[in-house]
Amino acid sequence: MTAETFYVTTPIYYVNDKPHLGHVYTTIVADVVARHHRLKGDDTFFLTGVDEHAAKVSDRAAEQGLSAQQWADQNAAAFSDVFERLEMTNDDFVRTSSHRHKDNVTAYVRTLLDSGDVYAGQYEGWYDAGQEEYVPENKAAGNGYKSEVTGKPLVRKKEKNYFFKLTAYRDELLTLLERHEVVNGCRFDVQPTARRNEIINRIKEAEDVPISRTGAGGWGIPVPGDAEQTIYVWIDALFNYLTYVDTDDRRKYWQAGAVHFIAKDILWFHAAIWPALILALRKCPGFDAWHEGEPLALPKLVYSHSYWVSETGEKMSKSLGNFLDPQAIDNYVNVFGLDALRYFLATRGPLGVSDSAFSEDLFVDVYNSDLANTFGNSCSRVTKMIGKYLGGKIPDLTTEDTAKWSGFVEQLHLRYEASFATLELSDAAGEGRTLIRQVDSHIDETAPFKLAKDESKLPEVATILLTCAEALRIASVLLWPFIPDACEVFWSRIGCGHYTRALAAGGSGDLAQWVKWGQLQPGTAIEIGEALFPRYQPK
Ligand code: MSP
């Protein structure tokens, strides 16, 4: 299989406050997917970062007696620190106050002013200040003129604004979404399907959208040619996906078709306004032959997940104050390890259309059942027996007919790929667990610990344990995107440290090769080491 070029993003998070579990969640999901692509050998680019030019950022700054930039600097650092501590493998970190972002946004908006897709007008209507979002009359009325997300009253606004001609792209967008296949060289999709249908209905009623505001007090990017007006924070923010890859060496990532992970709160911007802005740009001079003679591509997919909610069912958020903050996240990492947090969030989180309740009890259950009792236990059982019965070395190839196991693994690998392709991360991880359970059953059925009492049976013991070690090696390759640290420790114990070296610092792996049966080197000394996931006893 030839390597692909792959581009994955998270929302850029507001820096009005510190990061919380919701931000960490989307970033971990994107990280798992990015790692999966690197594991396959794809040329992968993973982008996350922060959204600085919101009014709530300058408001919060003023409350603290700081300039907006000072407050944004502090919180941007808090986000990048958390992501670093969580070993996120993002290739860059967006700051919308950076020059490269601002200069590119200015150029894009100028292009749209020139083409007539951005024009001056007057806005009168409702505004959700907490969400920094203009709300159409019917939606505002439907929610009793309160914010759908925060529940706070909407604000009535009347001001001169620049508008984006969304209506000019409505039909094209609808065709793309309804067909979700290549139409006139473009392809764009929204998942899950229920979200796609929701957005199709809303686009049918779409009107032109305001893309500037007044009175931003110098915090933001001015509309080119009109210093009174600031580019609306949402337009500024959406462009991050493009500004950070608008360089000679990165344009290929954009052209490969971005995969944007977001939550359902910001679906409208990503599934309607964003692709329409790209459709508008791609016909403008410079963008019609943007990279290697090809016009600017559309994103490939907007994947809109649901929410982590508290045990009582409320959305976890900063404004509700019920979120897990960096300290609480660190506590989980200190007790269970970073892999456990990644694994729990990625496999039990709200991908799809249902919310997930976060609870410590569930976390402990999943940790013990999927990690301690499955991967951790199986690895220590097998390496210990190799130590005890085979002198701690991978045995020479034995008499076993491996067709059954290699066939089983091939099928499993195909299902694993299919699950990643549809972003069913829990199912993908489940394939790794299936293989480990197969190892456990094999040990239970063949009982190598009993056979080992009879010296003449040692070749048979060697065969069984080699089979188990091979299967665990492959399971660890499949599980690496989820629990990279434990897998890397295991690899170093079984003589596969070269996998870690290949994948270090954004490097690429060779999944197709690594999942082939029969890669362990006979004679390799096995290290037993400590439990990868010690069982947790709740106090
Ligand atoms: N700045 C905008 C996004 C601009 S993207 C061009 C924004 N920022 S935010 O800080 O409010 O982050 C929203 C995102 O954080 C959600 O879309 C989601 O990815 C994540 N989450 C925030 N709370 C969450 C939960 N309770 N559960 C799951 N994800 C959550 O909107």
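The structure displayed is predicted, hence computed values, not measured ones. (Residues numbered from 1 in each chain as written. Predicted model: local features only at pLDDT ≥ 70, side-chain atom pairs only at ≥ 80, totals over all residues. Heavy atoms only, no water.)

Peer 1: Provide a residue-level description of the pattern of salt bridges, including the pertinent values.
Peer 2: For the structure shown, the criterion picks out 29 salt bridges. For Arg100, the salt bridge is made with Asp92, and the minimal N-O distance between the two is 3.0 Å. The partly exposed category is assigned to Arg100, whose relative accessible area is 37%. Take Asp92: its relative accessible area is 15%, and that puts it in the buried class. Residues Asp355 and Lys264 are paired through a salt bridge, measuring 3.0 Å at the closest nitrogen-oxygen approach. (Salt bridge = Lys/Arg side-chain N within 4 Å of Asp/Glu carboxyl O. Buried < 20%, exposed > 50% of the residue type's maximum accessible area, 1.4 Å probe, protein only.)

Peer 1: Tell me about a negative patch on the surface, and please be specific about residues and values.
Peer 2: Taken together, the side chains of Glu311, Glu360, Asp361 and Asp365 make up a negatively charged region of the molecular surface. Mapped onto the elements of the fold, Glu360 is located in helix α14 (residues 360–389). (Patch = residues over 30% accessible without salt bridge, like charges linked within 9 Å, V, L, I, M, F, W, Y side chains within 5 Å. Areas by Shrake-Rupley, 256 points an atom, 1.4 Å probe, with all protein chains shown as cover. Lys, Arg positive; Asp, Glu negative; His and termini not counted. Charge placed at Lys NZ, Arg CZ, Asp CG, Glu CD. Helix = DSSP H or I, 4+ residues; strand = E, 2+ residues; numbered from the N terminus.)

Peer 1: Got a sec to walk through the state of the cysteines? Specific residues and values, please.
Peer 2: Summed over all chains, the structure comprises zero disulfides. Take Cys496: it sits in no disulfide, and the sulfur closest to it among the cysteines is that of Cys487, at 11 Å. (Disulfide = S-S within 2.5 Å.)

Peer 1: How would you summarise the domain arrangement of the chain if you had to cite specific residues and measurements?
Peer 2: Here the domain parsing of the chain yields domain 1 (5–309) and domain 2 (359–514). One C-alpha centre belongs to domain 1, the other to domain 2; they are set 41 Å apart. Across the contact, 13 residues belong to domain 1 and 19 residues belong to domain 2. Across the interface of domain 1 and domain 2, roughly 1400 Å² is buried in total on both sides, 70% from carbon and sulfur atoms. When the buried area of domain 1 at its contact with domain 2 is split by residue, Arg35, His36 and Leu39 rank highest and sum to 45% of it. Summed over the shared surface of domain 1 and domain 2, the number is one salt bridge. Along the contact surface separating domain 1 from domain 2 lie four residue pairs in polar contact (both at pLDDT 80 or more). Within the residue set of the side of domain 1 that touches domain 2, elements represented by two or more residues are α1 (21–40) and β13 (301–305). Residue composition of the side of domain 1 that touches domain 2, by class: seven nonpolar, two polar and four charged. (Domains from an automatic or database assignment. Contact = heavy atoms within 4.5 Å. Buried area = accessible area lost by both parts, 1.4 Å probe. Polar contact = N/O pair within 3.5 Å; in protein donor to acceptor, adjacent residues only side chain to side chain. Nonpolar A, V, L, I, M, F, W, Y, C, P; charged D, E, K, R; others polar.)

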